2 protein chains.
Amino acid sequence: MKKTNILKKIENAGLKKTKYRVNIIDLLEKADGLLSASDIHQLLIDNDIQMDLSTVYRTLEKLTENNIINRIELEKEKQSLYEYNREKHHHFMICKSCNKIETIYDCPLTKYEEDIKAHSDFLITGHKIEFYGYCKNCRKRLKIN
Amino acid sequence: MKKTNILKKIENAGLKKTKYRVNIIDLLEKADGLLSASDIHQLLIDNDIQMDLSTVYRTLEKLTENNIINRIELEKEKQSLYEYNREKHHHFMICKSCNKIETIYDCPLTKYEEDIKAHSDFLITGHKIEFYGYCKNCRKRLKIN
DNA sequence: ATATAAATGCAAATCATTTGCAATTAATAA
DNA sequence: TTATTAATTGCAAATGATTTGCATTTATAT
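The rules behind the values
Residues numbered from 1 in each chain as written. Chains lettered and ligands numbered in written order. Predicted model: local features only at pLDDT ≥ 70, side-chain atom pairs only at ≥ 80, totals over all residues. Heavy atoms only, no water. Helix = DSSP H or I, 4+ residues; strand = E, 2+ residues; numbered from the N terminus. Contact = heavy atoms within 4.5 Å. Core = buried A, V, L, I, M, F, W, Y, C linked by side-chain atoms within 4.5 Å. Buried < 20%, exposed > 50% of the residue type's maximum accessible area, 1.4 Å probe, protein only. Pairing = 2+ DSSP bridges. Axes fitted to C-alpha atoms, helices over the stretch in contact; angles between N-to-C directions.

A. Structural view of the side chain of Thr-59 of chain A. Along the chain, Thr-59 of chain A falls in helix H4 (residues 53-65). Each residue touching Thr-59 of chain A, except ones within four places of it in the same chain, is listed here: Arg-21, Ile-24 and Met-51 of chain A.

B. Spotlight on the nonpolar core. Within the largest apolar cluster, 30 residues are counted, with the highest numbers of intra-cluster contacts made by Met-93, Leu-109 and Phe-131 of chain A together with Met-93, Leu-109 and Phe-131 of chain B. Broken down by secondary-structure element, the contributors of at least two residues to this core are strand E4 (91-95), helix H5 (110-119) and strand E6 (123-134) of chain A together with strand E4 (91-95), helix H5 (110-119) and strand E6 (123-134) of chain B. The contact partners of Phe-131 of chain B, leaving out residues within four places of it in the chain, are Leu-109, Tyr-112, Glu-113, Ile-124, Gly-126 and His-127 of chain A together with Phe-92, Met-93, Ile-94 and Ile-104 of chain B.

C. Layout of the sheet that holds strand E2 (residues 69-72) of chain B. Residue and element names in this part refer to chain B. A sheet is described by the order of its strands in space; here three strands give the open sequence E1-E3-E2, paired in antiparallel fashion. Of all the strands in the sheet, just strand E1 (35-36) and E2 have a single pairing partner and so form its edges. Direction of pairing for E1 relative to strand E3 (residues 81-84): antiparallel, over a ladder of two bridges. Within the sheet, the bridge partner assigned to Leu-35 lies in E3 and is Tyr-82. This element, helix H2 (residues 19-30), spans E1, E2 and E3 of the sheet and lies at about 85° to E3. The strands touched by helix H4 (residues 53-65) are E2 and E3; relative to E2, the strand with the most contacts, the crossing angle is about 110°.

Here it is, written out as structure tokens:
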């Protein structure tokens, strides 16, 4: 992503433009999977950017609050994972064998939520789904069909 | 639940029958909501049953492994919650305002999972859904429609 | 009754995340 | 440009749920 776009995001959020924020957003935008706070911390160090881990956490918090990135809390993962917010609703499939996380850009719940809205006292405003099972490789390796 | 049923569950799992296990299962079976490890620990103390918290954790672990109880890990809850396993597939609706947890004994995903099974390399064997929104009381209180 | 593996209590460790505080820095006004 | 102010940062320490090592106890099978 162009630096100027990142700066605009930070500005729109009313945050100060610090090199750390630009770097973290940039890094998450380029990452193709989910990253933990310490993954991010390490990647910054690899790029010769020294930044205290607590500042990484504080930065991720701020960026999450402002919907620039998403915090993902998966079952059994002790640590939170982060992704750049591409404004595209999605869910995850997690392999029970190798823990690979695949993304699904499809959602089976739209109609269901409308039904609940019509028939229940509970107003659903959002949801979270995780699918568990076996990825292609593990199915082959473990002979699961 | 009758004590004999609990004992049978413990026996079927190949576990030793200790008073602690019987008590924890009994307690979860009677509970109407989800309980945390320390909730359970406290309830035991209230019933004059002294049991080390680490033993509570080890017991919950064993009972979960053997599907006698379920461990629930909800987004944003730092602690795991536990429920008696009534062998009835269900999901949760969590109020964003008061955090009340309501159970849904209905699942919109059966067909979707079959579709994925037919068209994807990923074999889904299970899933987890949480719905977020506002419960009846909070909708009224906060005037959300 | 005895042997043996499982279960327990206690204290200490773990590990992701958070926080207090003093020092630094970015944004804004003068 | 400089001064002001609030936000940001580094560092060290705290937090809090959960786990673990180890010596002791207990349930179950022989």
